[in-house]
Amino acid sequence: MGVGIAVKDLNAWFGKAHVLKEVSVKVGANAVTAVIGPSGCGKSTFIRCLNRMHETVPEARMSGTVMVGDMDVYKPNIIAADVRRRIGMVFQKPNPFPTMSIYDNVSAGLRLNGYNKRRELDVAVEDSLRMAALWDEVKDVLKKKSGASLSGGQQQRLCIARALAVQPELLLMDEPCSALDPISTGKIEELIFQLKAQYTVVIVTHNMQQAARVADHTGFFLMGKLIEYDKTEKIFTTPSDKRTEDYITGRFG
Amino acid sequence: MPSVSRPLSLVRRATNVCFVGLSGLAALLVLAPLAAIFGYLVYKGIGSIDWAFLTHTPRPVGEAGGGMANAIVGSMMILGMGSIIGVPLGIGAGVYMAEFGRGRYVTFVRFTADVLNGIPSIVVGIAVYAMVVLPQQHFSALSGGVALGIMMIPTIARTTEEMLLMVPNTIREAALGLGIPQWRTTLQVTLRTASKGVITGTMLAFARVAGETAPLLFTAFGNQFWSVKPNQPIAALPIQIFSYAISPFEDWHRQAWAGALILIVLIVAAVSAVRVVTSRGNMANNA
């Protein structure tokens, strides 16, 4: 089951650059939330702060609190790897492990966390691939073909399957369709729609139509600040902030 | 108006043919010495390789026959010990430089590796003589392994570093994003992705030290008799070839050629074996 997110006074820096400023927001469980805004507004940094990927960059810092379900993500005794195991992430560019087969890619999160029961791995791989709508396309070549041999759209669905295999409570997607053609994008959007039955999804997107299509709630970022967060319908029809309106009507960005 | 759809001019086509020809010629020039050396070795050495050569130890001066069994086994032992020392240290240093090190200390490690790479092998031999042989009070197979191991480190460390830096950061992020701990990400994802290049570097280092004679003169020392004790002087193919080649005996010259051929065959066999074994299960090959 998905969990809610509560972010309070989140600030983030890269060296001296202050990229996120005082972001506070609550995101409901089992819903899709879109994060929109112009390039460099901090939306990727925002979701990377949720699963502690932000700190993997040298010189990156943050302050504030992030609660995912009942887990205080930045509590000193919480280990980053444990956080990331509970929060899946799909990246902008499909990044399957090139030396691993399709099967090994999907099961990587389980295997490399010390989970080795063959039969249960088989089940997890099939379930995840089915959920990512990739099973029928790859079921005959699971162990024969490399993850990198698939097409771009298939690779991204493979990456989604890989993230789902560890059964996260929250799924973060950082512009998952920006490198894909419209047909693959359509498949992934459909998938996102189905995922919210079991997961909470936060998706960063440059594509406002996409946000309108898939998201229940939408947050608009500008220059490191969360300008507006509301029901998607409201954001795209009657935004309360002038800057949101300017952005969604294409006046800048 | 110039058009790109026009057929290429004669000059451009001639230039093209010229450069393709030149690069082909360059490739041929690179291959020629290799083929010549190998061909000449086979020509001079193959006649002297028989079962006795592979299974007997050297005969006393003046007696014909005998073989290099002790040197073949000795070389394998020294190279094995050298690899046990050099491969993990080299890969470890490379991983450190590419994945964990920051700032000045990395520059220092990298610089040290480059300097170590440039040190003449005979100096490495003397250094190991002072560090291992003198305290032990005698020459030993182990000290030979230490010398070769030290010589393997810089090549392996630098290629490992270069290969790891070529792995895109998105691969590391994918692994970390799955909650895989840093050490496992490095070992089982990043290093595995770079494994082809790392293995090539390791094999280069191995092949290079396999033919080293100078550092063994002060360490393994050579031995006319059968010995497999790590703390005793041991025979090695390069030393045996050297001492046989400079001897005044026709029969020993013949055996030196055979020894050289065996050495090359051993190196090629070892490199191929490692390639076959490690390419199994690496999906990058059938992408």
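Details of the structure are given in the entry above.
Summarised in this report is the structure supplied together with it. Fair warning: this is a prediction, and the values are worked out from it, not measured in the lab.

1. Thoughts on the overall build of chain A
Helices and strands together make up the secondary structure of chain A, namely 10 helices and 10 strands. Here chain A has a C-alpha radius of gyration of 18 Å; the compact-globule value for 253 residues is 18 Å, and the two agree. For the C-alpha atoms alone, the extent of chain A along its principal axes is close to 55 × 45 × 30 Å. In chain A, buried positions account for 49% of the 253 residues. Counting only contacts in chain A whose residues sit at least 6 apart along the sequence, the fraction spanning at least 24 positions is 69%.

2. Concerning the sheet that holds strand β7 (residues 170-174) of chain A
All names here are of chain A. Across the sheet, six strands lie side by side as β6-β7-β8-β3-β9-β10; this open sheet has mixed pairing. Edge strands, defined here as strands with exactly one partner in the open sheet, are β6 (87-90) and β10 (225-231). With direction set aside, neighbouring strand axes in the sheet form an average angle of 15°. Pairing between β6 and β7: four bridges, direction parallel. The residue bridging M89 from the neighbouring strand is L172, located in β7.

3. As for the environment of A127 of chain B
Residues and elements named next belong to chain B. In this fold, A127 is placed in helix α5 (residues 121-136). Overall, the presence of 17 C-beta atoms within 10 Å leaves A127 in the partly exposed class. Residues A127 and I246, spaced 119 residues apart in sequence, show a C-alpha to C-alpha distance of 26 Å.

4. Topic: the pairing of strand β4 (residues 60-68) of chain A
All names here are of chain A. Sheet topology places strand β1 (residues 5-14) next to β4; eight bridges connect them, and they run antiparallel. Bridge pairing links A12 to M62 in β4. Turn length for the β4-strand β5 (residues 71-72) hairpin, with the two strands adjacent in sequence and antiparallel, is two residues, and the turn residue G69 shows positive phi of about 60°.

5. A closer look at the packing of helix α11 (residues 237-245) of chain B against helix α12 (residues 250-279) of chain B
In helix packing, the relevant descriptors are the interaxial angle and the interaxial distance, both defined with respect to the helix axes. All names here are of chain B. Interaxial distance between α11 and α12 falls to 8 Å at its minimum, and their mutual angle equals 155°. When the axis of α11 is compared with that of α12, the two are roughly antiparallel. Judged by the sense of rotation from one axis to the other, the crossing of α11 with α12 is left-handed. On the side of α11, the interface is formed by L237, P238, Q240, I241, Y244 and A245, while α12 contributes W252, H253, Q255, A256, G259, A260, I262 and L263. When grouped by side-chain class, the residues that make up the contact of α11 with α12 number 10 nonpolar, four polar and no charged.

6. A few points about the sheet that holds β4 of chain A
Residue and element names in this part refer to chain A. Read from one edge of the open sheet, four strands run β2-β1-β4-β5, paired in antiparallel fashion. The two strands at the open ends of the sheet, each matched to only one other strand, are β2 (17-27) and β5. Across seven bridges, the pairing between β1 and β2 is antiparallel. Across the sheet, residue V7 finds its bridge partner in β2, namely V25. Where helix α1 (residues 43-50) meets the sheet, its contacts fall on β1, β2 and β4, and the angle it forms with β2 comes to roughly 65°.

Here is what the cut-offs are and how they apply
Residues numbered from 1 in each chain as written. Chains lettered and ligands numbered in written order. Predicted model: local features only at pLDDT ≥ 70, side-chain atom pairs only at ≥ 80, totals over all residues. Helix = DSSP H or I, 4+ residues; strand = E, 2+ residues; numbered from the N terminus. Rg over C-alpha atoms; globule rule 2.2 N^0.38 Å. Buried ≥ 20, exposed ≤ 12 C-beta atoms within 10 Å, placed from the backbone. Contact = placed C-beta atoms within 7 Å. Pairing = 2+ DSSP bridges. Axes fitted to C-alpha atoms, helices over the stretch in contact; angles between N-to-C directions. Parallel < 35°, antiparallel > 145°, perpendicular 65-115°, else oblique. Left-handed = near helix turned anticlockwise from the far one by under 90°. Nonpolar A, V, L, I, M, F, W, Y, C, P; charged D, E, K, R; others polar.

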